[in-house]
Amino acid sequence: MLLLVSFLFGSSQSKNSETKIDSVSFKAKIELKEATKEGVYLNGYIVNIPYKDLKKLDGKIIEVSGIVTIQKGLENIPEKYDNNGNKINSQGRSQDTKHILKPKYRIIKE
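Residues numbered from 1 in each chain as written. Predicted model: local features only at pLDDT ≥ 70, side-chain atom pairs only at ≥ 80, totals over all residues. Heavy atoms only, no water.

**Side note on the nonpolar core**
To keep things clear, this is the line we draw: Take the buried residues of types Ala, Val, Leu, Ile, Met, Phe, Trp, Tyr and Cys, join any two whose side-chain atoms come within 4.5 Å, and each joined set is a nonpolar core. Each residue gets one of three labels from its accessible area relative to the maximum for its type: buried under 20%, exposed over 50%, partly exposed in between, using a 1.4 Å probe on protein chains only. Counting from the N terminus, the helices are DSSP H or I runs at least four residues long and the strands are E runs at least two residues long. Residues count as neighbours in contact if any of their non-hydrogen atoms are within 4.5 Å of one another.
Within the largest apolar cluster, 15 residues are counted, with the highest numbers of intra-cluster contacts made by Phe-26, Leu-42, Val-47 and Ile-100. Elements supplying a minimum of two residues to this core: β1 (18-29), β3 (39-42), β4 (45-47), α2 (51-57) and β5 (61-71). If near-sequence neighbours (up to four positions away) are discounted, Leu-42 is found in contact with Phe-26, Ala-28, Lys-29, Ile-30, Val-47, Ile-62 and Val-64.

**Observations regarding the pairing of β3**
Selection criterion: One requirement defines pairing of two strands: DSSP has to find at least two bridges between them.
Note: strand β2 (residues 35-36) against β3, two bridges, orientation antiparallel. Looking at β3, one finds that Ala-35 is bridged to Val-40. In sequence, β2 turns back onto β3 through a hairpin of two residues. As judged from the three bridges shared by β3 and β4, these two strands associate in the antiparallel manner. Bridge pairing links Val-40 to Val-47 in β4.

**Examining the pattern of salt bridges**
For side chains bearing opposite charge, pairing can occur when the charged atoms are close. Condition: Within this document, salt bridges are pairs made up of a side-chain nitrogen of Lys or Arg and a carboxyl oxygen of Asp or Glu, the two lying within 4 Å of each other.
Across all of its chains, the model carries three salt bridges by this definition. Across the salt bridge formed by Lys-60 and Glu-110, the nearest N and O atoms sit 3.4 Å from each other. Taken together, the residues span a long stretch of sequence, with Lys-60 in the loop between α2 and β5 and Glu-110 in the segment after β9 (104-109) at a distance of 50 residues. Two residues, Glu-63 and Arg-106, come together in a salt bridge whose shortest N-O distance is 2.9 Å. Within this pair, whereas Glu-63 is found in strand β5, its partner Arg-106 is found in strand β9, the two being separated by 43 residues in sequence. The exposure class of Glu-63 is partly exposed, given its relative accessible area of 22%.

**Digging into the pairing of strand β8 (residues 97-100)**
Here β4 runs beside β8; their pairing, made up of three bridges, is parallel. From the neighbouring strand, Tyr-45 faces β8, where its bridge partner is Lys-98. One ladder, built from four bridges, connects β5 with β8; its direction is antiparallel. Each bridged residue has a counterpart across the sheet, and for Val-68 the counterpart in β8 is Ile-100.

**A word on the confidence of the model for the protein chain**
Formally: Per-residue confidence from the predictor is reported as pLDDT, a score between 0 and 100.
Mean pLDDT for the protein chain: 77, with 67% of residues reaching 70 or above. When the criterion is pLDDT under 50, residues 1-16 qualifies, and its contacts beyond four places in sequence or with other chains add up to zero contacts.

So, in structure tokens, the structure goes:
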């Protein structure tokens, strides 16, 4: 009986679309043209730095460190349907993306 309850409980939970992995540290040059509403693309990561700070850092080399969170892309999330069997359209990127949500950074070179 306990095994059945455990199985039912475990299978009813939804899978999280984010995964946290180890911290990273790297140096990169800030280019404002690489900015999005989420931050800036640096070395394959989307680094969450506010736009007003990015304007001040444009053209400078910084050292960035932080915890990486992987956001699952639409290709890796099961399709969803409403009660009538119609597919619910999802918004977002099709590929997985690596984010650094609370980065620590400092200017290395002006």
